Amino acid sequence: MKQVILFLLTFIFVFLFYQIFIIRKAKIKKEKKSKKKLFKKKKNNKSKEDILPKKPMEIKLLESKYKLDLDKINYNRLLLVVSLVSSLDISILVTLVLIIDNYLLQILLALVLAFPLILLSYSFIGKYYVKKGLIKNE
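Summarised in this report is the structure supplied together with it. (Residues numbered from 1 in each chain as written. Predicted model: local features only at pLDDT ≥ 70, side-chain atom pairs only at ≥ 80, totals over all residues. Heavy atoms only, no water.)

## Structural notes on the environment of lysine 2
Following the sequence through the fold, lysine 2 ends up in helix H1 (residues 2–26). Residue class for lysine 2 comes out exposed when judged on its relative accessible area of 74%. Put simply, lysine 2 and threonine 95 are 93 residues apart on the chain and 9.7 Å apart in space, counted from C-alpha to C-alpha. (Helix = DSSP H or I, 4+ residues; strand = E, 2+ residues; numbered from the N terminus. Buried < 20%, exposed > 50% of the residue type's maximum accessible area, 1.4 Å probe, protein only.)

Take a look at the structure:
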């Protein structure tokens with residue numbers, strides 16, 4: 001029972017932390033168009049890449065490895081999926097590591113499990129979007 005409570009609390013804490021500090025900065029906000037903003041956009045002639053917020057590393061991984069087309073994907077929904085998966089990975093890792101009492105084994109287990117767990121979970125996300133056909137056409 002303690003492990004379930006630990007898992008849920010870790011998941012909620014990491015999800016909220018991830019939403020506040022990482023995802024909020026990366027979300028594309030729909031701005032109200034005013035004459036002042038339209039004038040500034042015409043004057044600066046910025047490309048689409050300059051206007052978009054900085055992408056999290058997870059999005060860059062999915063985009064490069066699975067050739068996802070971010071124009072076809074709802075970007076804010078993808079950010080939500082990434083934050084849920086990252087929170088799930090971290091909470092699983094913390095729960096598994098804290099079962100062991102030896103600190104050295106905890107650190108060793110965390111180091112061994114972290115990378116494969118992250119790659120496995122993001123491969124599921126990538127394959128899901130590839131199966132839906134949301135990849136770049138070559």
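From this point, the discussion proceeds with the structure in view.
## Things to note about the pattern of salt bridges
Inspection of the entire model under this criterion finds one salt bridge. Between lysine 55 and glutamate 63 there is a salt bridge, and its shortest N-O distance comes to 2.7 Å. Given the relative accessible area of 25%, lysine 55 is considered partly exposed. Here glutamate 63 falls in the buried class, since its relative accessible area comes to 16%. (Salt bridge = Lys/Arg side-chain N within 4 Å of Asp/Glu carboxyl O.)

## Some words on the nonpolar core
Counting 18 residues, the largest nonpolar core has Ile59, Leu62, Leu78, Val82 and Tyr129 as the members making the most contacts within it. Elements with a contribution of two residues or more to this core: H1, helix H4 (57–65), helix H5 (75–97) and helix H6 (103–131). Per-element tally for this core: the top contributor is H5, with five residues. Setting aside residues up to four positions removed in sequence, leucine 62 forms contacts with Lys67, Leu68, Leu78, Val82, Tyr122, Ile125 and Gly126. (Core = buried A, V, L, I, M, F, W, Y, C linked by side-chain atoms within 4.5 Å. Contact = heavy atoms within 4.5 Å.)

## Remarks on H4
Looking at H4, one finds that the buried residues are Glu58, Ile59, Leu62 and Glu63. For H4, the angular spread of buried residues about the axis comes to 135°, placing them on one side. Turned more than 90 degrees away from the buried face of H4 sit Met57 and Lys65, all of them exposed. Along its buried surface, H4 packs onto H1, H5 and H6. Where H4 terminates, the next one or two residues include lysine 67, which has phi positive at roughly 55°. (Arc of directions from axis to C-beta.)

## Some remarks on the packing of aromatic side chains
According to the stated counting rule, one finds three aromatic pairs in the structure shown. Ring geometry for phenylalanine 11 against phenylalanine 15: centres 6.2 Å apart, planes inclined by 10°, an arrangement best described as stacked. Taken together, the residues phenylalanine 11 and phenylalanine 15, both in helix H1 and four residues apart, mark about one turn of the helix. A relative accessible area of 21% means that phenylalanine 11 is categorised as partly exposed. Seen from their ring centres, tyrosine 128 and tyrosine 129 are 5.3 Å apart, and the 70° between their planes marks the pair as edge-to-face. The class of tyrosine 128 is partly exposed, set by a relative accessible area of 44%. (Phe/Tyr/Trp six-rings, centres within 6.5 Å; stacked < 30°, edge-to-face > 60°.)

## Topic: a nonpolar patch on the surface
A grouping of Ile12, Leu16, Phe17, Ile20, Phe21 and Ile22 is seen on the molecular surface, where their side chains present a nonpolar patch of about 540 Å² in accessible area. The topology assignment puts phenylalanine 21 in helix H1. (Patch = residues over 30% accessible without salt bridge, like charges linked within 9 Å, V, L, I, M, F, W, Y side chains within 5 Å. Areas by Shrake-Rupley, 256 points an atom, 1.4 Å probe, with all protein chains shown as cover.)

These values are about where atoms sit, not about what they do.
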